[in-house]
Amino acid sequence: VTTQGPQKFDPTLQKPIVDSVTASKPAAMLIAPTDVTAMQAPLEQAAKAGIKVVLVDTTVNDPSFAVSQISSDNVGGGGAAFDAIKAAKPGGGKVLVISTDPGVSTVDARIKGFEEAAAKDPTFKYLGVQYSHNDPATAANLVSSALQKDPDIVGIFATNLFSAEGSATGVRQAGAKDVTIVGFDAGPNQIKALEEGTVQALVAQQPSTIGSDGIEQADAALTGKTVNPKIQTGFTIITKDN
């Protein structure tokens, strides 16, 4: 197994790597596509070249070329993030989503789950989603500006690691004392923020399981065993208490 990846989650950086890997014709490729549209054609080309393509974590608009897809229940995770805010703020109030970029399948699904849950509860006012381009500093600035405009925001859902990291910084910079931040993913910085109380809950995925399932499905495709075309892994809500 060889591992390659761009420095940023960006299709313009990922596509040349995929094209190069396709030209080298490995038996199988596990990939987290960086955009649902931009990575469609490059990955179709890989599959046409005879490479067994396994989509891990993220996907594309038409994944029919892939032998298997493995990802978290991202819609369910987004709904769980809203439930975590609701548990912390039972009185309701204004809530905001900080995400990466539109067109990334996983975060789009998390937003959908959050929005669907928020729409069912009239005690909460959904302020919409703002995009940080996967940059913690940009997320921090967005949150600081949002709190200047709406100082009564009670909850922020940050859809990935960098969004959560930046949101916590933005709340600190704004001097806000009573904002519940729920992040998706559980990187070391986020666990630290949880322990310090700047983030109140995390929706933790099972990335190791996604990776090992991906290898197993690639192996099955290469050896004629039964392939599971779609696997959904679980998530856990982590709080300071648990």
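Refer to the structure presented above.
Nothing here was measured: the structure is a model prediction, and the numbers come from that model.

1. With respect to the sheet that holds strand E1 (residues 28-31)
If you walk across this open sheet you meet the four strands as E1-E2-E3-E9, and the pairing is parallel. In this open sheet, the two strands that pair with only one neighbour each are E1 and strand E9 (230-233). When the angles between neighbouring strand axes are averaged without regard to direction, this sheet yields 15°. Relative to E9, strand E3 (residues 68-72) runs parallel, the two sharing four bridges. Of the residues in E9, the one forming a bridge with Ser 72 is Thr 233. Those strands touched by helix H2 (residues 40-48) are E1 and strand E2 (52-56), and its axis lies near 145° from that of E2. Along the sheet, helix H8 (residues 207-223) makes contact with E1, E2, E3 and E9, crossing E3 at roughly 170°.

2. A closer look at the layout of surface pockets
Summary: where empty space remains is shown by rolling a probe the size of a single water molecule over the atoms. Of the volumes computed, that of the largest pocket is approximately 1400 Å³. Around the largest pocket, the lining is made up of 46 residues, and of these Gln 4, Leu 30, Ile 31, Ala 32 and Val 56 lie nearest the centre. When contributions to the lining of the largest pocket are tallied by element, the ones reaching two or more residues are helix H1 (11-24), E1, helix H4 (105-119), helix H6 (161-174) and H8. Among the elements that make up the lining of the largest pocket, the one with the highest residue count is H8 (seven residues). Of the residues that constitute the lining of the largest pocket, the class distribution is 24 nonpolar, 16 polar and six charged. The computed volume of the second largest pocket comes to approximately 320 Å³.

3. Some details on the pairing of strand E6 (residues 153-158)
For a regular strand, side-chain orientation follows a simple rule: the groups alternate between the two sheet faces. In terms of burial, E6 is a largely internal element, six of the six residues being buried. One ladder, built from four bridges, connects E6 with strand E7 (residues 180-184); its direction is parallel. By the bridge assignment, Ala 158 is partnered in E7 with Gly 183. Once you follow E6 into H6 and on to E7, the crossover reads as right-handed.

Scoring rules and cut-offs
- Residues numbered from 1 in each chain as written.
- Predicted model: local features only at pLDDT ≥ 70, side-chain atom pairs only at ≥ 80, totals over all residues.
- Heavy atoms only, no water.
- Pairing = 2+ DSSP bridges.
- Helix = DSSP H or I, 4+ residues; strand = E, 2+ residues; numbered from the N terminus.
- Axes fitted to C-alpha atoms, helices over the stretch in contact; angles between N-to-C directions.
- Contact = heavy atoms within 4.5 Å.
- 1 Å grid on protein atoms, 1.4 Å probe; cavity = no way out; pocket = protein on both sides within 12 Å on 5 of 7 lines; lining within 4 Å.
- Points joined across faces, edges and corners; volume = space filled by probe spheres on them.
- Nonpolar A, V, L, I, M, F, W, Y, C, P; charged D, E, K, R; others polar.
- Buried < 20%, exposed > 50% of the residue type's maximum accessible area, 1.4 Å probe, protein only.
- Right-handed = clockwise from strand over helix to strand, strands pointing away.

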